[in-house]
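# Structural description and commentary
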Amino acid sequence: MKMKKKMNRNMVSDHIQAYTFIGPAIIILSIFVYISIFVAIYMSFNQVNLFKWTFDFNGLDNYRRIFTEDRIFKAFSNTTKFVAVVAPTQTVLALILAAVLNSKIRGQKGFRLVYFLPTLTSSTALTMIFMFIFSISGPFNTIGMALGFVKEATNWLNEPKVTLKIIMIMNIWSTIPYYMTIYLSALQDVPMSLYEAAEVDGASPFKRFMNITVPHMKPITSFVFITGIIGTFQMFDQAYIFSNGAGGPQNSTLTVALMVYQYAFSLLNDMGLASAVAIILAVVIIIASLAANKLNKSEKLYS
Amino acid sequence: MKKQRKYAKPILYTILIIYALITLYPFLWAVSASFKTFKEITGGGASIIPKNFTFDNYINLFTGTAKYTKWFFNSVFIAVTGTLLNIILNSMAGYALAQIEFKGSKAFFSLLIATLTIPGQVLMIPNYLIIKALGFMNTFSAIIIPSAINVTYIFLMRQYFMSFSKQVEEAARIDGVSRAGCFFRIALPLSRSIIATQATFIFLGFWNDFTKAMLYLKDVNKFTLPLGIQATQSQSSGFTMWNETLTFSVVSMIPILIMYIVLNKYFMQGLRMEGEK
């Protein structure tokens, strides 16, 4: 009887402790995530004028515009291209590099230290450096002309056909090390004896990679690929800094995230449309990651 | 078979070295540019070694009109405060979810998981309006408070605390130590390395944040480093002061590099721990 009472008191105090411990997280998430989602959905059905602070219900108008305006289409097409190139490339290269680093290599620590540099650097500093490299006086021109693949000094930042590719390269280059580190720590779980046995059997390093590393890394690959998809669909910083928020030249660096920003915060003053675009983007991201997940699972059936 | 082994190693080293050069080149270029004159930077040479070695760019950072020192310390303040808050709040939440049995713990857990699926763009606009309504516009709170917790690291801490044996704690509690006492005196000190891992990545996130600073900080005196660099570069329409921009980009990387090297031990420890699970 006495025992039970004590337990009850303990349980009450446990509850108070638990709620105090988890409280701050819940309060912050409630304000900046849960409430915000509903605000975003509400706004997407309204014509919002931030300057006059008016909300006028306009039904599905904002959503209709998404499917009719050329500029919005361009942003979605740029973003899709970006995701389609960057997400798979960074996943594959990160896995290869991790596997190479994981084979008995001298100076592994040093290589890791160097490789990690881009992950440590802010997107601002990275974008500045890349912008300079591809600017008219940058080393890309100098080296390109010396090697013959650049005909005359060009300001590549103003070439609509090239700009998105520069951002792709920059993004792949700067995200590989992070994913490589994830792979590398997962690779420690693969028993060395598997590799040694394969080596005794005469399997080439490439075969060992394909038959041991790749299958063992499947769950990690799924994680890295989906994280990559989610991240690349939301690319904003680099496009903003590259074009100073304009998405230029000729909308070539206009991503969906950048366009959301433009509609919401620039003189376009159309937060309702911006919210609708953001929600569509969220739906696209969810569908894409579910599809990627399914693809990865179905592959398992054959291997 | 022997032949294969002979080939393999040099090929692996070649791959590693080439990739190391690809990684290093842009940084080397930026560092070397920071010791070059403006004329040499924009003159189009490809040499990594400066012709006329100069410290002028660094001296200009402190004597010029741009408020580099101010921006630097703004970034330090935001990153340090934000990281400390995250360490305490994430660990507390993770601990509650892992070690305490309470009503609604499963519901809270699913609520947290759900937030991971929501892209930032959906929240950007409502958050902006909320920040404005709360009067946080143009203050550091606008950047620190919404990011004072991080769901990913709450999970990390939860997972870590779940591996703790409940027996140690039960023994301590029978001895009259309170829950809070258990948390601060037993659980936290035992999780130093995982906290260091968490701190590294969170500090990095705050230090390198651009979007939030750009949305919420309008006063030049309140700018953070990344925002300051971007503002300096974009103000000069069409004519970028590459010497200043690149030098300051280099300076902005120094604290992170120092932290990475100093905390590397903890950082790798954390990763190893992850791998051993």
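Computed from a prediction, not measured in an experiment: that's the story for all the values here.

### As for the overall build of chain A
A count of helices and strands for chain A gives 14 helices and 2 strands. Against the 2.2 N^0.38 benchmark of 19 Å for 303 residues, chain A shows a C-alpha radius of gyration of 25 Å, more extended than a compact globule. Overall size of chain A, expressed as C-alpha extent along the three principal axes, is 90 × 70 × 40 Å. Partitioning the intrachain contacts of chain A with sequence separation of at least 6 by distance along the chain shows that 70% fall at a separation of at least 24.

### Topic: the overall build of chain B
Within chain B, the regular secondary structure consists of 14 helices and 0 strands. For chain B, the sequential pattern of α-helices and β-strands runs α-α-α-α-α-α-α-α-α-α-α-α-α-α. Computed over C-alpha atoms, the radius of gyration of chain B comes to 24 Å, more than 25% over the 19 Å expected from 2.2 N^0.38 for 277 residues, which places it beyond the range of a compact globule. Based on the C-alpha atoms only, the size of chain B along its principal axes is roughly 75 × 70 × 35 Å. When the 277 residues of chain B are sorted by exposure, 40% land in the buried category. The contacts in chain B between residues at least 6 apart in sequence include a share of 71% that link residues at least 24 apart.

### So, helix α8 (residues 151-162) of chain B
In this model, α8 of chain B (12 residues) spans 16 Å end to end at C-alpha, consistent with the 16 Å of a helix rising 1.5 Å per residue. Within α8 of chain B, burial applies to Y153, I154, L156, M157, R158, Y160 and F161 of chain B.

### Remarks on the domain arrangement of chain B
Residue and element names in this part refer to chain B. If you check the domain split of chain B, you get domain 1 (1-54) and domain 2 (67-276). Computed from C-alpha atoms alone, the centre-to-centre distance between domain 1 and domain 2 is 33 Å. With 7 residues of domain 1 in contact, the opposing surface of domain 2 contributes 6 residues. Listed by contribution, the elements that provide at least two residues to the side of domain 1 that touches domain 2 are α1 (2-34) and α2 (38-42).

### Digging into the confidence of the model for chain A
Here chain A averages 88 in pLDDT, and 96% of its residues register 70 or above. Taking the mean pLDDT of every element in chain A, the minimum, 84, falls on helix α14 (residues 271-302) of chain A and the maximum, 95, on helix α3 (residues 70-102) of chain A.

### Considering unusual backbone geometry
Note the cis peptide between G248 of chain A and P249 of chain A, where omega equals -5°. Phi angles above zero are rare outside glycine, and N244 of chain A is one such case at about 55°. Within the fold, N244 of chain A resides in the loop between α12 (237-243) and α13 (256-265). Its 14 C-beta neighbours within 10 Å are what place N244 of chain A among the partly exposed residues. Unusually for a residue other than glycine, N138 of chain B sits at a positive phi of about 65°. For N138 of chain B, the location among the structural elements is in the loop between α6 (120-133) and α7 (141-144).

### Description of the domain arrangement of chain A
All names here are of chain A. Looking at chain A, the domain boundaries give domain 1 (2-44) and domain 2 (63-302). Between the C-alpha centres of domain 1 and domain 2 the distance comes to 37 Å. Listed by partner, the interface residues are 4 residues for domain 1 and 6 residues for domain 2. For the side of domain 1 that touches domain 2, the residue count by class is 3 nonpolar, 1 polar and no charged.

### Structural notes on the interface of chain A and chain B
With 70 residues of chain A in contact, the opposing surface of chain B contributes 73 residues. The leading source of residues in the side of chain A that touches chain B is helix α1 (residues 2-44) of chain A, at 19 residues. Broken down by class, the residue content of the side of chain A that touches chain B amounts to 48 nonpolar, 19 polar and 3 charged.

### Points about the environment of F53 of chain B
Residue and element names in this part refer to chain B. Structurally, F53 is set in the loop between α2 and α3 (56-63). A count of 10 C-beta atoms within 10 Å places F53 in the exposed class. When the C-alpha positions of F53 and L134 are compared, they lie 50 Å apart, and in sequence the two are 81 residues distant.

### Some words on the pairing of strand β2 (residues 54-57) of chain A
Each regular strand carries side chains that alternate between the two faces of the sheet. Residue and element names in this part refer to chain A. Of the strand pairs in this sheet, strand β1 (residues 46-49) and β2 are connected by 4 bridges, and their pairing is antiparallel. Paired with V48 across the bridge in β2 is F55. The turn joining β1 and β2, which pair antiparallel and follow one another in sequence, is formed by 4 residues; a positive phi near 60° is taken by W53.

### Observations regarding the packing of helix α4 (residues 68-99) of chain B against α8 of chain B
Residues and elements named next belong to chain B. The geometry of α4 relative to α8 is characterised by a closest axis approach of 7 Å and an angle of 50° between their N-to-C directions. One element, α4, and the other, α8, form an angle in the oblique class. Seen along the crossing, α4 lies across α8 with a hand that is right-handed. Residues N86, N90, S91, A93, G94, Y95, L97, A98 and Q99 of α4 form the contact with α8, whose own contacting residues are Y153, I154, M157, R158, F161 and M162.

### Considerations on the nonpolar core
Counting 146 residues, the largest nonpolar core has Y183, V260, V277 and A278 of chain A together with A93 of chain B as the members making the most contacts within it. Setting aside residues no more than four positions away along its own chain, A93 of chain B makes contact with F21, I22 and A25 of chain A together with I149 and I154 of chain B.

### Things to note about helix α8 (residues 163-187) of chain A
Two residues of an α-helix separated by three or four positions point the same way, owing to the 3.6 residues in each turn. Residues and elements named next belong to chain A. Taking 1.5 Å per residue as the helical rise, α8 with its 25 residues ought to reach 36 Å, and the 36 Å between its terminal C-alpha atoms agrees with that figure. In the structure, α8 departs most strongly from a straight axis at I176, where the bend amounts to approximately 35° and where the proline P177 lies between one and four residues downstream. Within α8, 20 of the 25 residues are buried, leaving the element largely enclosed by the surrounding structure.

Cut-offs used in this document
Residues numbered from 1 in each chain as written. Chains lettered and ligands numbered in written order. Predicted model: local features only at pLDDT ≥ 70, side-chain atom pairs only at ≥ 80, totals over all residues. Helix = DSSP H or I, 4+ residues; strand = E, 2+ residues; numbered from the N terminus. Rg over C-alpha atoms; globule rule 2.2 N^0.38 Å. Contact = placed C-beta atoms within 7 Å. Buried ≥ 20, exposed ≤ 12 C-beta atoms within 10 Å, placed from the backbone. Expected span 1.5 Å × (residues − 1). Domains from an automatic or database assignment. pLDDT = per-residue confidence, 0-100. Nonpolar A, V, L, I, M, F, W, Y, C, P; charged D, E, K, R; others polar. Pairing = 2+ DSSP bridges. Axes fitted to C-alpha atoms, helices over the stretch in contact; angles between N-to-C directions. Parallel < 35°, antiparallel > 145°, perpendicular 65-115°, else oblique. Left-handed = near helix turned anticlockwise from the far one by under 90°. Core = buried A, V, L, I, M, F, W, Y, C linked by C-beta atoms within 7 Å. Bend = angle between axes of the 7 residues up to and from the residue.

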